[in-house]
Amino acid sequence: MVALNLPVFDCKIKQVEGKPYIFDSLRRKYVRLSPEEWVRQHIVNLLLTHYAYPKALIRAEGGLILNQTQKRTDIVVFDRQGQPFLVVECKAPHIPLTQTVFDQIARYNHVHRAPYIVVSNGLTHYCCGINHTTADVRFLDDFPAFEQTE
């Protein structure tokens, strides 16, 4: 897999019938290692180790219904009250982060209504704060700190 603009971590990879699988610590199982999954696992590691997001509040590949269609969000982080705090859309490193990607996460976040969104292809990352009342979007210099309130 390609080197990413994210911290390197000690990931567990194995081969199953000639195909690579990576251990997902959130789902507690090996999942097929695709370029997008490579990015997702690095983002999860970043959230856990560098930003101290609680593992129990992070969900990978969670489902949602959008316009009567089943979709999957790559990563959703919940606050301590169980409300979505951060929605992350991961793309493979060769996928440019275009307006189409932002439109996709905006549609997903229309359902989740998280105050923060992130899009990343592992090389470039955009973090945004969303005010759902005014529809203001502001780009952030860094991933948001997790709200530590109980």
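In the block above lies the structure referred to throughout.
Fair warning: this is a prediction, and the values are worked out from it, not measured in the lab.

Draft legend 1. Inspection of helix α1 (residues 35-49) at higher detail. Here α1 is 15 residues long and its end C-alpha atoms lie 21 Å apart, about the 21 Å a rise of 1.5 Å per residue gives. Most of α1 sits inside the fold, with 11 of its 15 residues counted as buried. Every buried residue belonging to α1 is among E37, W38, V39, R40, Q41, H42, I43, V44, N45, L46 and L47, and all of these are buried.

Draft legend 2. Broad picture of the nonpolar core. The biggest cluster of nonpolar side chains holds 27 residues, and the ones touching the most others in it are I43, L47, Y53, I75, V77 and L86. Listed by contribution, the elements that provide at least two residues to this core are α1, β4 (58-66), β5 (69-78), β6 (84-90) and β7 (116-120). Tallying contributions element by element places α1 first for this core, with six residues. When neighbours within four sequence positions are excluded, I43 is seen to be in contact with L6, I75, V88, C90, S120 and F143. Within the second largest apolar cluster, 12 residues are counted, among which are F78, F102, A114 and I117.

Draft legend 3. Molecular detail of the pairing of strand β1 (residues 13-16). Taken together, the four bridges between β1 and strand β2 (residues 19-24) define a ladder with antiparallel strand orientation. Each residue of the ladder has a partner; that of K14, found in β2, is Y21. What sits between β1 and β2 in their antiparallel hairpin is a turn of two residues, with E17 showing a positive phi close to 50°.

Draft legend 4. Highlighting the layout of surface pockets. Quantified by volume, the largest pocket comes out at close to 290 Å³. Forming the boundary of the largest pocket are 16 residues, of which F102, A106, I117, I130 and V137 lie nearest the centre. Breaking the lining of the largest pocket down by element, the ones donating at least two residues are α2 (99-112), β8 (125-131) and β9 (136-140). If you tally residues by element for the lining of the largest pocket, the top one is α2, at seven residues. Reported here for the second largest pocket is a volume of approximately 190 Å³. As for the second largest pocket, its lining consists of F9, D10, C11, K12, F23, S25, Q41, V44, N45, L48 and T49.

The rules we used
Residues numbered from 1 in each chain as written. Predicted model: local features only at pLDDT ≥ 70, side-chain atom pairs only at ≥ 80, totals over all residues. Heavy atoms only, no water. Helix = DSSP H or I, 4+ residues; strand = E, 2+ residues; numbered from the N terminus. Expected span 1.5 Å × (residues − 1). Buried < 20%, exposed > 50% of the residue type's maximum accessible area, 1.4 Å probe, protein only. Core = buried A, V, L, I, M, F, W, Y, C linked by side-chain atoms within 4.5 Å. Contact = heavy atoms within 4.5 Å. Pairing = 2+ DSSP bridges. 1 Å grid on protein atoms, 1.4 Å probe; cavity = no way out; pocket = protein on both sides within 12 Å on 5 of 7 lines; lining within 4 Å. Points joined across faces, edges and corners; volume = space filled by probe spheres on them.

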